[in-house]
Amino acid sequence: MKIKLPGQKRREEKAVNESSRKRANNKNKAEKNVLSEKSKFAIVEAYKSARTNIMFSLSATDKKSFAITSYAKGDGKSTVAANLAISFSKMGKRVILIDCDLRRPNLHNILKLENKAGFSDMVGRMVVFDDVVYRDVLPCLDVLTAGTIPPNPSELICSPEVTRFVERLNREYDYIIFDSPPVGVVADSLLLKDYIAGYILVTRERKTTHGDIEKLLSNIKVTNSKPLGFIRVGVTHEGKRGRRGYYYYYYYQYY
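Keep in mind it's a predicted model, so treat the numbers as computed, not measured.

Caption draft 1: Inspection of the overall build of the protein chain at higher detail. Tallying secondary structure elements over the protein chain gives nine helices and eight strands in all. Taking all 255 residues of the protein chain together, 45% fall into the buried category. Sequence-distant contacts in the protein chain: of pairs separated by 6 or more residues, those separated by 24 or more amount to 74%.

Here is the structure:
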């Protein structure tokens, strides 16, 4: 029988408490960043501006779907995807948000949904769409979580089942938004090119470099797809008396 010394027990308890604290902070941070009635006016207006520009970009194509991606993990693309979906749904249009990040899904955490089954399970024909989609998470907004993490994400995204699925979505929804993996980590996002009008690229202030952006654009151009625009997150603005405000200010830049 192993006997734990007092010091060892205290260190283990401290590690557990620290881990719990970090999870709680991350959850609170994610909830804080989702658009709501309490969101700052500047953030809401920035997303409205982004929504308008995206709508103009989509009007020049025959597709009403687009994907959100970034170069690296932790850039905030899933939060942007959720907030754009919320912004689009506030127009009274039928919107569906799909988590296609089948390696590190996060939308269910941001929107506080269960992720027992979702996109991967549906494409793998283990469940049907109507059984796993979350209807009216907000008025006019449906959400499909990623589901079970599969051993072959790239093969699933390329499957004929996805083509049939997107055809159905085009009949049922006004806008289709995909939250896709970071392009600089895996190539899964680029496999969506045939289903979408283009990509919204998320960059983070003081994190994403010019080199990252060049590689991101290069990878997208190789697939003959196109970027629809950039959304930069984490921008701070100096307020009165040198105070910083709008810690999660977003702006849209047309590409």
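Caption draft 2: Expanded view of the nonpolar core. By size, the foremost hydrophobic cluster in this structure holds 34 residues, and its most contacted members are Ile98, Phe119, Phe129, Phe178 and Leu192. Looking at this core, the elements with two or more residues in it are strand 2 (95-99), helix 5 (119-123), helix 6 (129-132), helix 7 (153-157), helix 8 (160-172), strand 5 (175-179), strand 6 (199-204) and helix 9 (210-222). With four residues, helix 8 is the single largest residue contributor to this core. When neighbours within four sequence positions are excluded, Phe119 is seen to be in contact with Ile98, Asp99, Cys100, Leu102, Leu144, Thr145, Ala146, Gly147, Val162 and Phe165. Grouped together as the second largest cluster of nonpolar side chains are 32 residues, Ile86, Ile177, Ala197 and Leu228 included.

Caption draft 3: Just the environment of Leu144, in detail. Within the element layout of this structure, Leu144 appears in strand 4 (residues 141-144). Its relative accessible area of 0% is what places Leu144 among the buried residues. Through-space distance from the C-alpha of Leu144 to that of Gly118 is 6.0 Å; in sequence the pair is 26 residues apart. With near-sequence residues (within four places) excluded, Leu144 lies in contact with Leu97, Ile98, Asp99, Gly118, Phe119, Phe129, Val132, Val133 and Phe165.

Caption draft 4: Just the pattern of salt bridges, in detail. This structure, assessed with the given rule, holds 16 salt bridges. The closest approach of N and O atoms between Glu161 and Arg125, which form a salt bridge, is 3.2 Å. One end of the pair, Glu161, is in helix 8; the other, Arg125, is in the loop between helix 5 and helix 6, with 36 residues separating them in the sequence. Residue classification places Arg125 among the exposed residues on the basis of a relative accessible area of 62%. The residue Glu161 makes a salt bridge to Arg164 at a minimum N-O spacing of 2.8 Å. With Glu161 and Arg164 both in helix 8 and three residues apart, this pair spans about one turn of that helix. Since its relative accessible area comes to 41%, Arg164 is described here as partly exposed. Salt bridges here are not isolated pairs; linked through shared partners, they connect Arg94, Asp130, Arg135, Asp136, Asp142, Arg168 and Glu172.

Caption draft 5: Highlighting the pairing of strand 4. Residues Leu141 and Val143 of strand 4 are buried on one face, and the alternating residues Asp142 and Leu144, pointing to the opposite face, are buried as well. Bridging between strand 2 and strand 4 involves four bridges; their strand directions are parallel. Across the sheet, Ile98 pairs through a bridge with Leu144, a residue of strand 4. Turn length for the strand 3 (residues 134-138)-strand 4 hairpin, with the two strands adjacent in sequence and antiparallel, is two residues, and the turn residue Cys140 shows positive phi of about 75°.

Caption draft 6: Quick peek at the packing of aromatic side chains. This model, assessed by the stated rule, comprises four aromatic pairs. Arranged with centres 4.7 Å apart and planes meeting at 55°, the rings of Phe88 and Tyr175 form a pair that is tilted. With Phe88 in helix 3 (residues 77-89) and Tyr175 in strand 5, this residue pair connects regions lying 87 residues apart in the sequence. Like Tyr175, Phe88 is buried. Three or more aromatic residues joined by ring pairs form one cluster here, namely Phe66, Phe88 and Tyr175.

Caption draft 7: Local environment of the side chain of Asp179. On the secondary structure map, Asp179 appears in strand 5. Since its relative accessible area comes to 0%, Asp179 is described here as buried. Engagement of the side chain of Asp179 in a polar contact is seen with the side chain of Lys77, the distance being 2.9 Å. Among all residues touching Asp179, those that are not within four sequence positions of it are Ile68, Lys77, Ser78, Ala81, Ile98, Asp99, Cys100, Asp101 and Leu107.

Caption draft 8: Representation of unusual backbone geometry in the model. Despite not being glycine, Asp136 has its phi angle at roughly 50°, a positive value. Among the structural elements, Asp136 can be located in strand 3.

Cut-off values and rules
- Residues numbered from 1 in each chain as written.
- Predicted model: local features only at pLDDT ≥ 70, side-chain atom pairs only at ≥ 80, totals over all residues.
- Heavy atoms only, no water.
- Helix = DSSP H or I, 4+ residues; strand = E, 2+ residues; numbered from the N terminus.
- Buried < 20%, exposed > 50% of the residue type's maximum accessible area, 1.4 Å probe, protein only.
- Contact = heavy atoms within 4.5 Å.
- Core = buried A, V, L, I, M, F, W, Y, C linked by side-chain atoms within 4.5 Å.
- Salt bridge = Lys/Arg side-chain N within 4 Å of Asp/Glu carboxyl O.
- Pairing = 2+ DSSP bridges.
- Phe/Tyr/Trp six-rings, centres within 6.5 Å; stacked < 30°, edge-to-face > 60°.
- Polar contact = N/O pair within 3.5 Å; in protein donor to acceptor, adjacent residues only side chain to side chain.

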